[in-house]
Amino acid sequence: MNYKRSILVTGAAGFIGSHVVRLFVNKYPDYHIINLDKLTYCGNLANLTDVEDKPNYTFVKADICDYEKMLAVFKTYKIDGVIHLAAESHVDRSIKDPFVFARTNVMGTLSLLQAARVTWDGDWENKLFYHVSTDEVYGALEFDKTLFTETTPYDPHSPYSASKASSDHFVRAYYDTYGMPIVISNCSNNYGPYQFPEKLIPLFINNIRHKKPLPVYGKGENVRDWLYVVDHARAIDLVFHKGKIRDTYNIGGFNEWTNIDLIKVIIKTVDEQLGNAPGTSDNLITYVKDRAGHDLRYAIDSTKIKNELGWEPSLQFEEGIAKTVAWYLENQEWMDNITSGEYEKYYEEMYADR
Ligand code: NAD
Ligand code: DAU
């Protein structure tokens, strides 16, 4: 079939990428969607079983750092658009092993940029390199009313956020130096189905189910701005199709929670859905050593994407969290396949450190 567009989505066996691919494959049957993923510890093709047989979906197992392979993929599939999500994404891992974050997030992004530039060779018409980034590049806010806007200066603190900030700069440099069409979005914390259970929400849902301790870093006072992952995928669709070249869009839920308040909501929701008496799992809360360099507060001002592209979150948090808890409780096999074996050992070692 002659497709209208051929879009490379990197890291789409992961959490957010799988939702982006699901949206694009179903919404745009005239687009060829190529999921390129190395399948690292958190890449999981089980996140995409509902689209794997669609004719407009192709999976390629590859490492974005393999430049020759990236060139071959661009040529073979005649890629005209990139939505780049592949990354090492967990802050705690970046504190333990920063090198892999520099390799994947910086060198991997550079390898993809260069493959796009060399393949497109100055013919920029209908071409786009869309880089999916994070609010963590802006650093940390105080407990006040300030928000991250698109002009907030970069001030990353963890090896993860430093590597993402670096990749953002490389992406802009490819427009400024070579004229390659790029766009970037910086999003706040996502939650929803298919998130790897090293991240707060799926980890705690699973630990409550197994009556395991819930390790709250520090005093639990840090603030995050939570957005349902499907709303992020909707925003990515809009930015990809309507975003201005070389522009940046902040994406967030105007939905700030201290960790401890969020954890109490999770406990209450899981207990309700498991049919436990109220308060059953409260005693699982365990305060542990704080994360090194733990950013106090993230909060996004998403006025620009609302005003310019008409995007707003579609789901209220209470509904989103209830749906998310229900999904993890109903998809125990998905969870157990991840948390058994090798990963269980890794998690126990991480936890013993605290
Ligand atoms: P994730 O860790 O769930 O998935 C990352 C995916 O990238 C995995 O499938 C993994 O196999 C793949 N990958 C890793 N290294 C690779 C390599 N060298 N080559 C090819 N594939 C590789 O991550 P996520 O939470 O879905 O985040 C996706 C992107 O969105 C990241 O760039 C992240 O920085 C950004 N982001 C995440 C959030 C969030 O709350 N999760 C918020 C804002 C931005
Ligand atoms: O803001 C966007 C970022 O959100 C993304 O760029 C990252 O890829 C994503 O992992 C996420 O980063 P956080 O560090 O905010 O997410 P995490 O789920 O690891 O932690 C959320 C908060 O909960 C944070 O303040 C640390 C705390 N926490 C986390 C874990 C895993 C705990 O207190 N205990 C835990 O066991």
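Every residue gets a number counted from 1 within its own chain, in the order that chain's sequence is written. Note on labels: chains are lettered from A, ligands numbered from 1, in written order. Residues qualify for local features only when their pLDDT is at least 70, as the model is predicted, and side-chain atom pairs are given and counted only at 80 or more; totals for whole chains, interfaces and linings, by contrast, use all residues. Only hydrogens and water are set aside; all other atoms, that is, all heavy atoms of the structure, feed into the side-chain values.

### Focus: the site of ligand 2
Phase 1: Surveying the vicinity of ligand 2 reveals 24 residues, the closest of which are Asp135, Tyr160, Pro215, Arg291 and His294.
Phase 2: Each accessible area value is a Shrake-Rupley result obtained with a 1.4 Å probe; residue values ignore everything except the protein chains displayed when judging cover. In isolation ligand 2 exposes 690 Å². Once the protein is present, 94% of that is buried.
Phase 3: Segments assigned H or I by DSSP are reported as helices when at least four residues long, segments assigned E as strands when at least two residues long, and all are numbered from the N terminus. Broken down by secondary-structure element, the contributors of at least two residues to the shell around ligand 2 are helix 6 (200–209) and strand 8 (214–217).
Phase 4: When the residues that make up the shell around ligand 2 are grouped by side-chain class, the tally is 10 nonpolar, eight polar and six charged.
Phase 5: Note that domain bounds follow an automatic or database assignment of domains. In this structure, the shell around ligand 2 is formed jointly by two domains, domain 1 (5–191 + 225–251) and domain 2 (200–223 + 256–292 + 317–347), each of which donates at least three residues. Here a residue is near a molecule or strand as soon as one of its heavy atoms is found within 4 Å of it. Think of it as three bins: nonpolar holds Ala, Val, Leu, Ile, Met, Phe, Trp, Tyr, Cys and Pro, charged holds Asp, Glu, Lys and Arg, and polar takes everything else, Gly as well.

### A closer look at the site of ligand 1
Phase 1: In the vicinity of ligand 1 there are 28 residues, among which Ile16, Asp37, Ser89, Tyr160 and Lys164 approach most closely.
Phase 2: Throughout this description, a polar contact denotes any pair of N or O atoms lying within 3.5 Å of each other; where both atoms belong to protein, one of them has to be capable of donating a hydrogen while the other can accept it, and for residues adjacent in sequence the pair is counted only when both atoms sit in side chains. Ser89 places a polar side-chain atom, nitrogen or oxygen, 2.7 Å from an oxygen atom of ligand 1.
Phase 3: Expressed as a share of its isolated accessible area of 830 Å², the protein-covered part of ligand 1 is 97%.
Phase 4: Those elements that place two or more of their residues in the shell around ligand 1 are helix 1 (15–27), strand 5 (128–134), helix 5 (159–178) and strand 7 (189–191).

### Some words on empty space enclosed by the protein
Phase 1: Using a grid of 1 Å spacing that covers the protein atoms alone, one calls a set of points a cavity when a 1.4 Å probe fits there but cannot get out, and a pocket when the set is open and has protein on both sides within 12 Å along at least five of seven lines; lining residues are those with an atom within 4 Å of a point. Grid points are joined across faces, edges and corners, and a volume is the space filled by probe spheres set on the points. Following the criterion strictly, the structure yields two cavities of 30 Å³ or more and no others.
Phase 2: Put simply, the second largest cavity is a space of about 60 Å³.
Phase 3: Together, Val91, Glu136, His157, Ser158, Arg224, Arg291, Ala292, Gly293, His294, Asp295 and Tyr298 line the second largest cavity.
Phase 4: Here the lining of the second largest cavity is built from residues that sort into three nonpolar, four polar and four charged.

### Notes on the domain arrangement of the chain
Phase 1: As far as domains go, the chain holds domain 1 (5–191 + 225–251) and domain 2 (200–223 + 256–292 + 317–347).
Phase 2: Using only C-alpha atoms to locate each centre, domain 1 and domain 2 end up separated by 27 Å.
Phase 3: Salt bridges are identified by distance alone: a Lys or Arg side-chain nitrogen within 4 Å of an Asp or Glu carboxyl oxygen. Applying the counting rule to domain 1 against domain 2 returns one salt bridge.
Phase 4: Arg291 serves as the salt-bridge partner of Asp92, at 2.7 Å between the closest nitrogen and oxygen.
Phase 5: Top contributing element to the side of domain 1 that touches domain 2 by residue count: helix 3 (residues 91–96), with four residues.
Phase 6: Of the residues that constitute the side of domain 1 that touches domain 2, the class distribution is eight nonpolar, three polar and three charged.

### A word on the sheet that holds strand 10 (residues 248–251)
Phase 1: DSSP calls a pair of strands paired once it identifies at least 2 bridges connecting them. Taken in spatial order, the seven strands line up as 3-2-1-4-5-6-10 in an open sheet, and their pairing is parallel. The open sheet is flanked by strand 3 (57–61) and strand 10, the only strands paired with a single partner. Averaged over all pairs of adjacent strands, the angle between their axes in this sheet comes to 20 degrees, without regard to strand direction.
Phase 2: Examined bridge by bridge, strand 6 (residues 182–187) and strand 10 share four bridges and lie parallel to one another. Within the sheet, the bridge partner assigned to Cys187 lies in strand 10 and is Ile251.
Phase 3: Here a residue-residue contact requires only that any non-hydrogen atoms of the pair lie within 4.5 Å. For every element, the axis is a line fit to its C-alpha atoms; helices are fit only across the contacting stretch, and the angle between N-to-C directions ranges from 0 to 180 degrees. This element, helix 1, spans strand 1 (5–10), strand 2 (31–37), strand 3 and strand 4 (81–84) of the sheet and lies at about 160 degrees to strand 2.
Phase 4: Here helix 4 (residues 98–120) sits on the sheet in contact with strand 1, strand 4 and strand 5, set at roughly 165 degrees to strand 5.

### Considerations on the nonpolar core
Phase 1: Throughout, nonpolar core names a set of buried Ala, Val, Leu, Ile, Met, Phe, Trp, Tyr and Cys residues whose side chains join them through atoms within 4.5 Å. Throughout this description, buried means an accessible area under 20% of the type-specific maximum (1.4 Å probe, protein chains only), exposed means over 50%, and partly exposed covers the range between. Val9, Val21, Phe24, Ile83 and Tyr130 are the most contacted members of the largest nonpolar core, which has 35 residues in total.
Phase 2: For this core, the elements supplying multiple residues, two or more each, are strand 1, helix 1, strand 2, strand 5, strand 6, helix 7 (229–242), strand 10 and helix 9 (303–309).
Phase 3: Broken down by element, the residue count for this core peaks at seven residues, all from helix 7.
Phase 4: Setting aside residues up to four positions removed in sequence, Val9 forms contacts with Val20, Val21, Ile33, Ile34, Asn35, Leu36, Ile83 and Leu85.

### A closer look at the pattern of salt bridges
Phase 1: In this structure the tally under the stated criterion is 17 salt bridges.
Phase 2: Of the charged contacts, one joins Asp237 and Lys27 as a salt bridge, the two residues approaching to 2.6 Å between their closest N and O atoms. Taken together, the residues Asp237 in helix 7 and Lys27 in helix 1 connect sequence positions 210 residues apart.
Phase 3: Residue class for Asp237 comes out buried when judged on its relative accessible area of 6%.

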